[in-house]
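# Working through the structure, step by step
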Amino acid sequence: MTVLSNDQNKEYDSFSLIVKVRVIVPMLTHDSQNAHSEFDYLSDSSSKIQIGNIVKVSLANKITWGVVYGFKHETNIAHTKLKSIISISSVPPIKSFNLKFLERVSQYTMAPFGQVLRAMLCIQSAFKDDKSINYFSLSSSNKFETDKLSKSRKEIINWFQNNPIGTANAIIAETGVSKSTVNAMVKCGQLAKNLFSSIQNEDVQSKLLSLKKAMQSAKKLNLSSMQAEAALGINQQSDKFSVVLLDGVTGSGKTEVYFELVKKKILLGKQCLILLPEIALTSGWVNRFNKWFGFEPYIWHSGIKASKKKLIWRDVNAGFPGVVVGARSALFLPFANLGAIIIDEEHDTGYKQEEQFIYHARDMAILRAKYSQCPIVLATATPSLESWINKISGRYHHIKLTNRYGDATMPAIETINLIKYKPPSGKWISAPLISAIKNRLVSKHQVLLYLNRRGYAPLAICSDCGVKQSCQQCDSLLVTHKIKNQLRCHQCGVSRPFKNACQSCGQVETLQLIGPGVERLAEEVYSLFPGARVTILSSDILNNPIQIAKTIQSIEAGEVDIIIGTQMVAKGHHFPKLTCVAVIDGDLGLSGGDLRAGERTFQMLSQVAGRSGREKQAGSVYIQTAEPEHPAIVALKSRQRDEYLRLELEMRLTANMPPYRRLAAIIYTSLNEVALAAYVKKLIVFKPQFEEVDIYGPAPAPIYQIKKRYRMRFLINAPKSVNVQKIIRDWNASIRVPHNIKRQIDIDPYNFM
Ligand code: ADP
Ligand code: ZN
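Worth saying up front: this structure is predicted, and the values here are computed from it rather than measured. (Residues numbered from 1 in each chain as written. Chains lettered and ligands numbered in written order. Predicted model: local features only at pLDDT ≥ 70, side-chain atom pairs only at ≥ 80, totals over all residues. Heavy atoms only, no water.)

### Concerning the pairing of strand β14 (residues 322-326)
Filter applied, for reference: Accessible area is worked out with a 1.4 Å probe on protein chains only. A residue is then buried under 20% of its type maximum, exposed over 50%, and partly exposed in between. Counting from the N terminus, the helices are DSSP H or I runs at least four residues long and the strands are E runs at least two residues long. Strand pairing requires that DSSP identify at least two bridges connecting the strands. Here the term right-handed applies to a crossover when the path leading from its first strand over the helix to its second strand runs clockwise, the strands being oriented away from the viewer.
Here β14 lies mainly inside the structure; five of its five residues are buried. By the alternation rule, side chains of β14 split into G322, V324 and G326 and V323 and V325, which are all buried. Sheet topology note: the strand β12 (residues 271-275)/β14 ladder contains five bridges and is parallel. Bridging across to β14, Q271 finds its partner in G322. Relative to β14, strand β13 (residues 298-300) is paired through three bridges, and the arrangement is parallel. For Y298, the partnering residue across the bridge sits in β14 and is V324. Traced from β13 through helix α10 (residues 306-317) to β14, the parallel crossover comes out right-handed.

### Section: the domain arrangement of the chain
Heads up, the condition is: How far each domain reaches was decided by an automatic or database domain assignment. Only heavy atoms enter the contact rule, under which two residues are in contact if any of them lie within 4.5 Å. Defined in terms of a 1.4 Å probe, buried area is the accessible area two parts forfeit on being brought together, summed over both. A carboxyl oxygen of Asp or Glu within 4 Å of a side-chain nitrogen of Lys or Arg is what we treat as a salt bridge. Any pair of N or O atoms that falls within 3.5 Å is considered a polar contact. Within protein, one atom must be able to donate a hydrogen and the other to accept it, and sequence-neighbouring residues count only if both atoms are side-chain atoms. Think of it as three bins: nonpolar holds Ala, Val, Leu, Ile, Met, Phe, Trp, Tyr, Cys and Pro, charged holds Asp, Glu, Lys and Arg, and polar takes everything else, Gly as well.
For the chain, the assigned domains are domain 1 (2-126), domain 2 (132-197), domain 3 (206-401), domain 4 (412-453 + 516-650) and domain 5 (661-747). Computed from C-alpha atoms alone, the centre-to-centre distance between domain 1 and domain 3 is 30 Å. Counting residues at the interface gives 25 residues for domain 1 and 23 residues for domain 3. Considering only the side of domain 1, the residues that lose the most area to domain 3 are F97, F101 and I123, jointly responsible for 27% of the buried surface there. At the junction of domain 1 with domain 3, the criterion picks out zero salt bridges. On inspection of domain 1 and its partner domain 3, the count reaches five residue pairs in polar contact (both at pLDDT 80 or more). Where the side of domain 1 that touches domain 3 is concerned, the elements lending two or more residues are α1 (96-109) and α2 (113-120). Of the residues that constitute the side of domain 1 that touches domain 3, the class distribution is 18 nonpolar, four polar and three charged.

### Digging into the packing of helix α3 (residues 151-162) against helix α5 (residues 179-187)
To be explicit about the condition: Axes, fitted as lines to C-alpha atoms, cover a helix only where it is in contact. Angles between the N-to-C directions of the axes lie from 0 to 180 degrees. Convention used here: angles under 35 degrees read as roughly parallel, angles over 145 as roughly antiparallel, angles from 65 to 115 as roughly perpendicular, and any remaining angle as oblique.
The interhelical angle for the contact between α3 and α5, taken along N-to-C directions, is 75 degrees, at an axis separation of 10 Å. What the angle tells us is that α3 and α5 run roughly perpendicular. Across the interface between the two elements, S152, R153, I156 and I157 of α3 pack against T181, V182, A184 and M185 of α5. Residues of the contact of α3 with α5, tallied by class, amount to five nonpolar, two polar and one charged.

### Some words on the coordination of the zinc ion (ligand 2)
Angles at a metal have ideal values that depend on geometry: 109.5 degrees with four tetrahedral donors, 90 or 180 degrees with six octahedral donors. Threshold: For Na, K and Ca the donor cut-off is 3.2 Å, and for all other metals it is 2.8 Å, counting N, O and S atoms only; because water is absent from this set, sites may look incomplete. Every geometry call rests on angle ranges, with four donors termed tetrahedral when all angles are between 85 and 135 degrees, four termed square planar and six termed octahedral when opposite donors are over 155 degrees apart and all others are between 65 and 115, and everything else termed irregular.
The zinc ion (ligand 2) binds to the protein through C471 (SG), C474 (SG), C489 (SG) and C492 (SG), with metal-donor distances spanning 2.2 to 2.3 Å. Considering all four donor atoms around the zinc ion (ligand 2), the spread of angles at the metal, 103 to 113 degrees, places the coordination shape in the tetrahedral class. Donor residues for the zinc ion (ligand 2), ordered by position in the chain, follow C-x2-C-x14-C-x2-C. Taken together, the residues span a long stretch of sequence, with C474 in the loop between β22 (459-462) and β23 (478-481) and C492 in the loop between β24 (486-489) and β25 (495-497) at a distance of 18 residues. In this pair, the class of C474 matches that of C492, namely buried.

### Side note on the pattern of salt bridges
Note on pairing: side chains with opposite charge can pair once their charged atoms come close. Summed over the entire model, instances satisfying the criterion amount to 24 salt bridges. Among the salt bridges present, the one from E386 reaches R596, with a minimum N-O distance of 3.0 Å. On the criterion of sequence distance, the pair formed by E386 in helix α12 (residues 385-392) and R596 in the loop between β29 (578-583) and α17 (597-609) is long-range, its members being 210 residues apart. The burial state of E386 is the same as that of R596; both residues are buried. Between D540 and R488 there is a salt bridge; the shortest N-O distance is 2.6 Å. A residue pair is termed long-range when its members are at least 10 positions apart, and D540 in the loop between β27 (534-537) and α15 (545-556) and R488 in strand β24 qualify at 52 residues. Classification of D540 by relative accessible area gives buried; the value is 6%. By relative accessible area, R488 is classed as buried at 12%.

### With respect to α5
We apply this condition: This arc is built from the directions going out from the helix axis to the C-beta atoms.
Within the span of α5, buried status applies to T181, V182 and M185. Along the axis of α5, the buried positions cluster into a sector of 100 degrees, meaning they face one direction only. Just past α5, the residue G189 takes up positive phi, approximately 85 degrees.

### Describing the site of ligand 1
Formally: Here a residue counts as near a molecule or strand whenever at least one of its heavy atoms sits within 4 Å of it. Only the protein chains shown count as cover for residues, and all accessible areas are computed by the Shrake-Rupley method using a 1.4 Å probe.
Surrounding ligand 1, one finds 16 residues, the nearest of these being Q227, G251, K254, R288 and R614. In the model, a nitrogen atom of ligand 1 is placed 2.8 Å from a nitrogen or oxygen of the Q227 side chain. Contact between ligand 1 and R614: an oxygen atom at 2.7 Å from a side-chain N or O atom of the residue. Burial of ligand 1 by the protein amounts to 87% of the accessible area it has alone, namely 560 Å². Residue assignment for the shell around ligand 1 shows that the elements contributing at least two residues are α8 (254-267) and α9 (282-293). For the shell around ligand 1, the element with the highest residue contribution is α8, accounting for three residues. When its residues are assigned to classes, the shell around ligand 1 shows four nonpolar, eight polar and four charged.

### What about the packing of aromatic side chains?
For clarity, the cut-off: Planes of paired rings set the category: under 30 degrees apart is stacked, over 60 is edge-to-face and the rest tilted, where pairs are Phe, Tyr or Trp rings (Trp by its six-membered ring) whose centres lie within 6.5 Å.
If you walk through the whole model with that rule in mind, you get 21 aromatic pairs. Both rings, one in F127 and one in W313, keep their centres 5.1 Å apart while their planes meet at 65 degrees; by these two values the pair is edge-to-face. Here F127 is found in the loop between α2 and β8 (133-138), whereas its partner W313 is found in helix α10, with 186 residues between them in sequence. On the accessibility criterion, F127 (2% relative accessible area) is buried. Plain terms: the ring middles of F259 and W285 are 5.6 Å apart, the flat faces sit at 80 degrees to each other, and that makes the pair edge-to-face. Residue F259 is located in helix α8, and its partner W285 is located in helix α9; the two are separated by 26 residues in the primary sequence.

### Details of the side chain of D587
The condition that has to hold: In this count, Lys and Arg are taken as positive residues and Asp and Glu as negative ones, while His and the chain termini are left out.
Note on placement: D587 falls in the loop between β29 and α17. At 11 Å, R453 is the nearest oppositely charged side chain to D587, a buried residue that forms no salt bridge. Among the polar contacts made by the side chain of D587, one reaches the side chain of T625 at a distance of 2.5 Å. Those residues in contact with D587 that lie beyond four places of it in its chain are T625, A626, E627 and I633.

### Structural notes on the nonpolar core
Heads up, the condition is: For the purposes of this section, nonpolar cores are sets of buried Ala, Val, Leu, Ile, Met, Phe, Trp, Tyr and Cys residues that join through side-chain atoms within 4.5 Å.
Counting residues in each nonpolar core, the largest one holds 93 residues, and the members touching the most others are W313 and I716. The leading source of residues in this core is helix α11 (residues 361-372), at six residues. Once you skip the residues sitting within four places of it in the chain, W313 turns out to touch I54, V91, I94, M120, L121, C122, I123, A126, F127, W300, L333 and P334. Of all hydrophobic cores here, the second largest spans 34 residues; its members include L211, V244, F259 and C272.

In structure tokens, the structure reads:
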């Protein structure tokens, strides 16, 4: 491992030093010697340079950014060939504990270091000095007699009566005078010209002061005695690294409990990071935050403008106290002064990032808390088995909230047996559910129908030739989206217009649409409950944060009677008027599933059920199912969560599966099927043999082709004490990956497709 200087504050006279710079360019092969993306540079300027400095360098004739990881006096590269660092950013250096964190993430996930570093150095405009801007103000000497001035000069002087300072553009736009007048006034001393080139205008102390002031004027949190006790329990762990599992039923007010910790940390001048599993949850969360804190948190997700992100990045890196709330990518911000991390809905599989580099944000957040020596709170009503087993072993502190906040009670859960109450063909709402919904509508309550299927119908089949319409570049059936009039592949996202013609035989008007999606369910709802105000919450229909926030607000305001939603609605929301939740297909997640199918279904159904009756009015939940005796459904109905977790754990233990063991998947993909087959065959020859380590495969992935690439998988199942990363590294080092084959390593996979 590279030496990180023990003393980051040490500055070096750069002259004659060779600087080790790690760049944000992923070096793909783990078997190559430079998986760290580290290169030597000279620093020829007279500037001071230290570990953590962000520097601009040239690599393979391209300008890129990197971080100084160390220094040395000698290098194998001829000095004549060494390039110089182009410039050093004036933002504060990245803290060494953050650099170590990145290193650990790269080691664990096996993602190339340059890729992990890029996640932290994600906003390049933040490192560049801002262009200096000239500001003008009235000269303090006031050496002019107003009545002797020209009309345009008078205009300008008048303008300054209401504006203490202004840029030339602002003055010209608002007074209509010319630039030369402004310049002339500067020349003769009537206006003063000031240059601002500040990367940071505020200092930490004044920022803290303004946050404290805002908090004094905010509403006071009125915690119930159960919440207060929980908050106290968390705060007792809060001055060091510790993991707290905040385990509270839906509606118990977990948010308000962890707000106490956030408050405490802000008052100490620290930074807090709150991760939410879904962007759609941000606006509701922010409203609650504003109410109790009186200031704005920093919001970080893919919908935030780059100019805003630049400012957030700088504040975070400068160690300014504050709160960042966001999606998993916020985990990689360069927090210089982290005081606490909260993972809301820790069980949510949305925390697993499957693109670019593959990591689990909850697990990496725990690492991050360790390196920042701060507490981390995992909040949930349905803990993941991974966290639960750590609770059992005593590694995590367990804090429980058993009741809902205020007058709210837990909703009653009923199952509706779909075999007994089968809806007519092409319909999905059973008779008992129809009457339950009618009752709620009469009492002016809201109803939520949950169906985790986007679009109109999951299958389009030709009634003439029997061919299922499928994607041309994936092994995947096309989903009909009626609102957009498309057939769409949910694997690769490609769509084509819905023409009602078979892709195989070309016959028109022959496509039969099979099965329900949220759009089709909406059709049924319109015809069953005419006059009801219906809204669909699905990522295809609402795809930007502003639209989502607006829809959520209208639901909160009671402007909607029936909400139809995918998993997007199941999590976290608090809709005061919602008292009836119905799960249209309770069996959907259970069929053909992977090792977590039962666990995930239980979590999802508990979450969606948890949206019902969160205020005074008691709520009900109806689950339509053909398998009312399935353990996940029985446990949900009888509120035997812990018993269900125990059963699941038992099954995992017998099956030798996580959380008792560690899985790692290696997926090789190629456009060339023959080359891929030949390569994986070679890998078999070098397959490592270790006691207690099972390596399955190669096997074609269940979705064998995605975006035209063929996919072969290996799956490693090893005891947790075994270093699987090393096994993979050594194995791969034995045979180079050819250029036409890509390798993806997924440690702790959640997706087995
Ligand atoms: P959970 O996240 O545990 O499902 P929430 O945090 O959404 O539950 O809380 C449920 C509701 O109770 C929310 O509307 C929340 O604002 C309210 N609530 C919880 N605690 C308090 C409190 N101490 N004071 C006022 N309102 C609270
Ligand atoms: Zn596709």
